[in-house]
Amino acid sequence: MDLQRLSYQGGAGPDFNEQVLHKTILVGDSGVGKTSLLVQFDQGKFIPGSFSATVGIGFTNKVVTVDGVRVKLQIWDTAGQERFRSVTHAYYRDAQALLLLYDITNKSSFDNIRAWLTEIHEYAQRDVVIMLLGNKADVNNERVIRSEDGETLAREYGVPFMETSAKTGMNVELAFLAIAKELKYRARRQADEPSFQLRDYVESQKKRSSCCSFM
Ligand SMILES: Nc1nc2c(ncn2[C@@H]2O[C@H](COP(=O)(O)OP(=O)(O)OP(=O)(O)O)[C@@H](O)[C@H]2O)c(=O)[nH]1
């Protein structure tokens, strides 16, 4: 998908520049739906049609409100193709969060998750927030990766997991808001504030929306 159309300052408000910028990066194989996920989150729409691979990297700024606090996310959309890997690695280092996607209808995109995690551990900060997303959950009839397989892999690496659909919007907002909540908690934690566990939060929110799951 064409990044030219994505690189603008979305959701800016009056105190936009006063806030801490939280850099979040979308990674995963080419075609898993990174650009589509970002467009769905930012613009609430899905652009169907032929697939056009991202070239290079671009970002969208988005301000979200969590627990009454405005959190500014700078969301970077990377190209999944191998030939851009050295470019995207350079962006990992100052990322606070990484959303790692696979496509539930594409086995190799799931098999490659371990390699992505190895790269992330090599190039990103040790305490980077990672979330695993199994995208295209709307295409259940072409599913080759069971939801439990995603859960098991995520548990092995100690990261939260959910299935999403950039097409229907399923869990898209939840994924970004959960990341924003974790980043807000880390940046502004008050001494008397109870600790926030991202995985527990994601699990509780998934249960609440289990009415709409595709499994
Ligand atoms: N049905 C369905 N199709 C999707 C979904 N997400 C993305 N697609 C389609 O999958 C194709 C690839 O989507 P992109 O968002 O361009 O994938 P990408 O991960 O950004 O790919 P690269 O830019 O090459 O890294 C497009 O044809 C999208 O319309 C989804 O949740 N459901």
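To be clear, the structure that these remarks concern was listed above.
Just so it is clear, the model here is predicted, and its values are computed rather than measured.

Enquirer: How should I be thinking about the sheet that holds strand 1 (residues 21-28) in this particular structure?
Expert: Read from one edge of the open sheet, six strands run 2-3-1-4-5-6, paired in mixed fashion. The two strands at the open ends of the sheet, each matched to only one other strand, are strand 2 (57-66) and strand 6 (161-163). With strand direction ignored, the average angle separating the axes of adjacent strands in the sheet is 25°. As judged from the ten bridges shared by strand 2 and strand 3 (residues 69-78), these two strands associate in the antiparallel manner. Looking across to strand 3, one finds that glycine 58 is bridged to aspartate 77.

Enquirer: Mind showing me how you'd approach unusual backbone geometry here?
Expert: With glycine set apart, most residues show a phi of negative sign, and most peptide bonds adopt trans. A positive phi angle, close to 50°, is found at aspartate 67, a residue other than glycine. In this structure, aspartate 67 sits in the loop between strand 2 and strand 3. The exposure class assigned to aspartate 67 is exposed, which follows from its relative accessible area of 53%. Residue lysine 136 is not a glycine yet carries a positive backbone phi of 70°. Its location among the elements puts lysine 136 in the loop between strand 5 (129-135) and helix 5 (147-157).

Enquirer: Mind showing me how you'd approach the site of the ligand here?
Expert: By nearness alone, 25 residues border the ligand, and Ser30, Lys34, Ser36, Thr54 and Gly80 come closest of all. One nitrogen or oxygen atom from the main chain of glycine 31 is found 2.9 Å from an oxygen atom belonging to the ligand. Contacts to the ligand include valine 32, whose backbone N or O atom sits 3.3 Å from an oxygen atom. Here the ligand loses 91% of its free accessible area of 650 Å² to cover by the protein chains. Per-element accounting of the shell around the ligand gives the leading share, three residues, to helix 1 (residues 34-43). In terms of residue class, the shell around the ligand is made up of nine nonpolar, eleven polar and five charged.

Enquirer: Could you clarify how one ought to interpret the packing of aromatic side chains in this entry?
Expert: Each aromatic ring pair is specified by the distance between its two centres and by the angle formed by the two planes. Under the criterion given, the structure shown has eight aromatic pairs. Taken together, a centroid distance of 4.8 Å and an interplanar angle of 70° make the contact between tyrosine 102 and phenylalanine 110 edge-to-face. Taken as a pair, tyrosine 102 and phenylalanine 110 share a single burial class, namely buried. Seen in terms of ring centroids, phenylalanine 196 and tyrosine 201 are 5.4 Å apart; in terms of plane orientation they differ by 55°. Their pairing is tilted. Assigned by exposure class, phenylalanine 196 and tyrosine 201 land together as buried. Of the aromatic side chains, those joined through ring pairs into one cluster are Phe59, Trp76 and Tyr91. Cation over ring: lysine 62 sits above phenylalanine 41, and NZ or CZ is 5.4 Å from the ring centre.

Enquirer: Help me out: how do you make sense of the environment of phenylalanine 196 in this one?
Expert: Within the secondary structure layout, phenylalanine 196 lies in the loop between helix 6 (172-188) and helix 7 (198-208). According to the relative accessible area criterion, phenylalanine 196 is buried, its value standing at 16%. Put simply, phenylalanine 196 and tyrosine 185 are eleven residues apart on the chain and 7.0 Å apart in space, counted from C-alpha to C-alpha. When residues no more than four places from it in sequence are discounted, the contact partners of phenylalanine 196 are Lys181, Glu182, Tyr185 and Tyr201.

What counts and what doesn't
Residues numbered from 1 in each chain as written. Predicted model: local features only at pLDDT ≥ 70, side-chain atom pairs only at ≥ 80, totals over all residues. Heavy atoms only, no water. Pairing = 2+ DSSP bridges. Helix = DSSP H or I, 4+ residues; strand = E, 2+ residues; numbered from the N terminus. Axes fitted to C-alpha atoms, helices over the stretch in contact; angles between N-to-C directions. Buried < 20%, exposed > 50% of the residue type's maximum accessible area, 1.4 Å probe, protein only. Near = heavy atom within 4 Å. Polar contact = N/O pair within 3.5 Å; in protein donor to acceptor, adjacent residues only side chain to side chain. Areas by Shrake-Rupley, 256 points an atom, 1.4 Å probe, with all protein chains shown as cover. Nonpolar A, V, L, I, M, F, W, Y, C, P; charged D, E, K, R; others polar. Phe/Tyr/Trp six-rings, centres within 6.5 Å; stacked < 30°, edge-to-face > 60°. Lys NZ or Arg CZ within 6 Å of the ring centre and 35° of its normal. Contact = heavy atoms within 4.5 Å.

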